[in-house]
Amino acid sequence: MQSPWKILTVAPLFLLLSLQSSASPAYNDLSRPSYSNGHTCVGCVLVVSVIEQLTQVHNSTVQASMERLCSYLPEKLFLKTTCYLVIDKFGSDIIKLLSADMNADVVCHTLEFCKQNTGQPLCHLYPLRKETWKFTLEKARRIVKKSPILRYSRSGSDICSLPILAKICQKIKSAIEQSVPFKDVDSDKYSVFPTLRGYHWRGRDCNDSDESVYPGRRPDNWDVHQDSNCNGIWGIDPKDGIPYEKKFCEGSQPRGIILLGDSAGAHFHISPEWITASQMSLNSFINLPTALTDELDWPQLSGVTGFLDSTVGIEEKSIYLRLWKRNHCNHRDYQNISRNGASSRNLKKFIESLSRNKMLDYPAIVIYAMIGNDVCNGKSDPVPAMTTPEKLYSNVMQTLKHLNSHLPDGSHVILYGLPDGTFLWDNLHNRYHPLGQLNKDVTYAHLYSFLNCLQVSPCHGWMSSNKTLRTLTSERAEQLSNTLKKIAASEKFTNFDLFYMDFAFHEIIQEWQKRGGQPWQLIEPVDGFHPNEVALLLFADRFWEKVQLQWPQILGKENPFNPQIKQVFGDQGGH
């Protein structure tokens, strides 16, 4: 799998950065030269498909469809401007090819954003036409001889090669790689800015000029003079002279919630509206700038650390919101230390971004949920690249030792097992992908094959027509889950208790079916891989039920002063 930074930097070439990330790329395998253009190919095919379908939906010209798409994009991040520049420079060739009845695969191969290297298979999203591919491609190439797009695509340029943007690109790249806020004046790992690893990912800082003020710390002098832990509770009750923090929070066992996760934990999500021509409008891309600066993740709506109300109309809340409801002194004490492509192998590269001082801070509940990438990769033969049980044991023990040196005494760590991902193929392969719904021509089987061919699939092992490979992947996942279970049963640490919980997706499916839903409705429709917001919130609900039943000490007490906190401090400063 490829680097998300690489996706972000090539994306302006194709108007919508988001579309290139449908494969939920990792950042740890930067590599295969013959497929270095894989995500560029995906981005091109998706965007050209949207243009072609806009032409069909609105019965308009290709030129009008490109201009329509640009008109929908917001000005932020120069998205609209970039779109019009792309049209101005490259639009004429796209018009010629689409007008000659060439589909998106042909267009992108002709313009060399997709390339079939010698000895490699032909990668295509749409079913091949009756006439030979070679004949069609030669015909298309004659139409766009001496194209400026060909010169650009061969150059390997990206937007960050421009001198004026190089410095800011490097700073953003560093923030993403280190998983720390881009804007953090006092360097305490908390921010007043929402995206670029800001408070969408961890509690909002309430004083970004003082490194001793941040969410999750024990109060300084009971917060008589200032809110040192950003939970919105501070000052002295004039009626009796007792500090509010002492009156309302002392003995209530405050605690934070921390997730060490991958793209599922970060809630990777690409809106279907961004690629569905029949649904596009001026409102479709309002959230695109926010999504791009959050790496196409939506942690503010995730099942573990989400703090916003659900957008999908179900009552279930995130684990953080449940902890806050249980004890309002937990306000803002959440950290989502997740990354697209994270696994037990590369967690050590960004675990330092976790903020917890075992002397100054409250205990924390840490959920370790690397649920996919130890068995998932995009290689043509994915099995040799899977993590072995022995290596997983070593990696997880290294992580737990790091946690033991940073977490305050009284913390808790829960290891999540891996799912059986065979449900992806079983429930999706013969359904139409959003790009295929208009003309009934692209199923998830076609999408999976396209991504696997380009070696940019988020999980070749499970997103494959090869039943033997799917079974092997699930067997390895089960072996890794058993390893985590053994670690939880046998290892002891001084600063935290250790627990294990199965990633029981079948239980979530059963619950959803009881409500009249279908299993496929629990998967992100664009990438066909990640659990969606409904699934994540149902997981949060099941997690809470199991912990309350089996290990209630993890959750702490219910605070009897919650009503008084609300009466005095309202929403506690919000999120």
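Owing to the predicted nature of the structure, the values given are computational and were not obtained by experimental measurement.

A.B. asks: What should I look at first to understand the overall build of the chain in this one?
C.D. replies: Along the chain, the regular secondary structure elements total 19 helices and 5 strands. For the chain, the C-alpha radius of gyration of 25 Å lies close to 25 Å, the compact-globule estimate for 575 residues. Its C-alpha atoms put the chain at 85 × 50 × 45 Å along the principal axes. Taken across its 575 residues, the chain has 61% of its residues classed as buried. Considering only contacts in the chain between residues 6 or more positions apart, those separated by 24 or more positions represent 70%. Accessible area for the chain stands at about 23,300 Å²; split by element, carbon and sulfur atoms hold 52% of it. Charged side chains of the chain number 60 positive and 59 negative; the gap between the two group centres comes to 5 Å.

A.B. asks: Just to check I follow, could you spell out the pairing of strand E3 (residues 364–369) for this structure?
C.D. replies: Two faces, one strand: in a regular strand the side chains alternate between the faces of the sheet. Summarising burial for E3: 6 of the 6 residues are buried, a large majority. Alternating positions in E3 separate into two faces, Ala364, Val366 and Tyr368 on one and Ile365, Ile367 and Ala369 on the other, with burial throughout. Sheet topology note: the strand E1 (residues 256–261)/E3 ladder contains 6 bridges and is parallel. Within the sheet, the bridge partner assigned to Ile257 lies in E3 and is Ile365. As paired elements, E3 and strand E4 (residues 411–416) share 4 bridges and run parallel to each other. Across the sheet, residue Tyr368 finds its bridge partner in E4, namely Leu415. Handedness of the crossover joining E3 and E4 through helix H13 (residues 389–406) is recorded here as right-handed.

A.B. asks: Whenever I open this one, the sheet that holds strand E5 (residues 496–501) confuses me. Can you help?
C.D. replies: Strand pairs in the sheet, formed through backbone hydrogen bonds, run parallel or antiparallel to each other. One open sheet accounts for 5 strands, arranged E2-E1-E3-E4-E5; its pairing is parallel. In this open sheet, the two strands that pair with only one neighbour each are strand E2 (334–338) and E5. Geometrically, the sheet is characterised by an average inter-axis angle of 15° between neighbouring strands, direction not taken into account. Note that E1 and E2 share 5 bridges and pair parallel. Residue Gly261 lies in a different strand from E2, and its bridge partner there is Ser338.

A.B. asks: When you look at the UniProt feature "domain: Saposin B-type" (unreviewed entry) in the chain in this model, what are you seeing that I'm missing?
C.D. replies: The feature "domain: Saposin B-type" (unreviewed entry), as annotated in UniProt, sits at residues 37–118 in this numbering. The span residues 37–118 shows a helical share of 73% and a strand share of 0%, and its end C-alpha atoms are spaced 14 Å apart.

A.B. asks: Sorry, what's going on with unusual backbone geometry here?
C.D. replies: A negative phi angle characterises most non-glycine residues, just as the trans form characterises most peptide bonds. The backbone phi angle of Arg197 is positive, close to 65°, even though this residue is not glycine. With respect to the helices and strands, the residue Arg197 is situated in the loop between helix H8 (163–178) and helix H9 (244–249). Owing to a relative accessible area of 1%, Arg197 belongs among the buried residues under this scheme.

A.B. asks: What is the right way to read the pattern of salt bridges from this model?
C.D. replies: When charged atoms on two side chains of opposite charge get close, those side chains can pair. A full pass over the atoms with the stated rule returns 14 salt bridges. Across the pair Asp240 and Lys247 runs a salt bridge whose closest N-O atoms are separated by 2.5 Å. For Asp240, a relative accessible area of 40% corresponds to the partly exposed category. Through salt bridges with shared partners, a single ionic network connects Glu507, Arg542, Glu545 and Lys546.

A.B. asks: Hey, could you run me through helix H6 (residues 133–143) in this one?
C.D. replies: In an α-helix, one turn spans 3.6 residues; hence positions three or four apart end up facing the same way. Among all positions in H6, only Trp133, Thr136, Leu137 and Ala140 are buried. Taken end-on, H6 shows its buried residues confined to a sector of 95°, consistent with a single buried face. In H6, those exposed residues whose orientation departs by more than 90 degrees from the buried face are Lys134 and Arg142. Buried residues along H6 sit against helix H4 (79–99) and helix H5 (104–110).

A.B. asks: Help me understand the packing of aromatic side chains, please; the structure alone is not making it clear to me.
C.D. replies: For any pair of aromatic rings, the description consists of the separation of the ring centres together with the inter-plane angle of the planes. This structure, assessed with the given rule, holds 15 aromatic pairs. Aromatic side chains Tyr444 and Tyr448 sit 6.3 Å apart centroid to centroid with 50° between the ring planes, which places their arrangement in the tilted category. Highlighted residues: Tyr444 and Tyr448, both in helix H15 (residues 444–454), separated by 4 residues, approximately one helical turn. Each member of the pair Tyr444 and Tyr448 is classed as buried. Through a chain of ring-to-ring contacts, three or more aromatic side chains come together here, namely Tyr416, Phe423, Phe503, Phe505, Phe539 and Phe543. Positioned above the aromatic ring of Trp201, the side-chain terminus of Arg197 is 3.6 Å from the ring centre. One residue, Arg202, lies across the ring of Tyr190, its end atom 6.0 Å from the ring centre.

A.B. asks: Can you help me understand the pairing of E4 in this one?
C.D. replies: Among the 6 residues that make up E4, 6 are buried, leaving the element largely enclosed by the rest of the structure. Covered by surrounding structure in E4 are Ser411, Val413 and Leu415 together with His412, Ile414 and Tyr416, the residues of both alternating faces. Strand direction decides the pairing type here: E4 and E5, joined by 6 bridges, are parallel. The partner of Ile414 across the bridge, within E5, is Phe499.

A.B. asks: Sorry if this is basic, but what is going on with the packing of helix H2 (residues 38–58) against helix H3 (residues 62–72) here?
C.D. replies: Between two packed helices, the angle of one axis relative to the other and the distance separating the axes together describe the packing. At their nearest, the axes of H2 and H3 sit 8 Å apart, and the two run at 110° to each other. It follows from the interaxial angle that H2 and H3 lie roughly perpendicular. Here the hand of the crossing between H2 and H3 comes out right-handed. Taken together, the residues of H3 that come into contact with H2 (itself represented by Val47, Val50, Ile51, Leu54, Thr55 and His58) are Val62, Ser65, Met66, Arg68, Leu69 and Tyr72. Its residues placed into classes, the contact of H2 with H3 shows 8 nonpolar, 3 polar and 1 charged.

A.B. asks: Help me understand the environment of Phe113, please; the structure alone is not making it clear to me.
C.D. replies: Here Phe113 shows up in the loop between H5 and H6. For Phe113, a relative accessible area of 4% puts it in the buried group.

A.B. asks: Would you mind going over the side chain of Arg470 with me for this structure?
C.D. replies: Secondary-structure assignment places Arg470 in helix H16 (residues 467–490). One buried charged side chain, Arg470, makes no salt bridge at all; its nearest oppositely charged neighbour is Asp426, positioned 4.2 Å away. Setting aside residues no more than four positions away along its own chain, Arg470 makes contact with Thr422, Trp425, Asp426, Gly461, Trp462, Ser464 and Ser465.

Thresholds, definitions, all that
- Residues numbered from 1 in each chain as written.
- Predicted model: local features only at pLDDT ≥ 70, side-chain atom pairs only at ≥ 80, totals over all residues.
- Heavy atoms only, no water.
- Helix = DSSP H or I, 4+ residues; strand = E, 2+ residues; numbered from the N terminus.
- Rg over C-alpha atoms; globule rule 2.2 N^0.38 Å.
- Buried < 20%, exposed > 50% of the residue type's maximum accessible area, 1.4 Å probe, protein only.
- Contact = heavy atoms within 4.5 Å.
- Areas by Shrake-Rupley, 256 points an atom, 1.4 Å probe, with all protein chains shown as cover.
- Lys, Arg positive; Asp, Glu negative; His and termini not counted.
- Charge placed at Lys NZ, Arg CZ, Asp CG, Glu CD.
- Pairing = 2+ DSSP bridges.
- Right-handed = clockwise from strand over helix to strand, strands pointing away.
- Axes fitted to C-alpha atoms, helices over the stretch in contact; angles between N-to-C directions.
- UniProt positions renumbered as here; feature names shortened; annotations may be inferred.
- Salt bridge = Lys/Arg side-chain N within 4 Å of Asp/Glu carboxyl O.
- Arc of directions from axis to C-beta.
- Phe/Tyr/Trp six-rings, centres within 6.5 Å; stacked < 30°, edge-to-face > 60°.
- Lys NZ or Arg CZ within 6 Å of the ring centre and 35° of its normal.
- Parallel < 35°, antiparallel > 145°, perpendicular 65-115°, else oblique.
- Left-handed = near helix turned anticlockwise from the far one by under 90°.
- Nonpolar A, V, L, I, M, F, W, Y, C, P; charged D, E, K, R; others polar.

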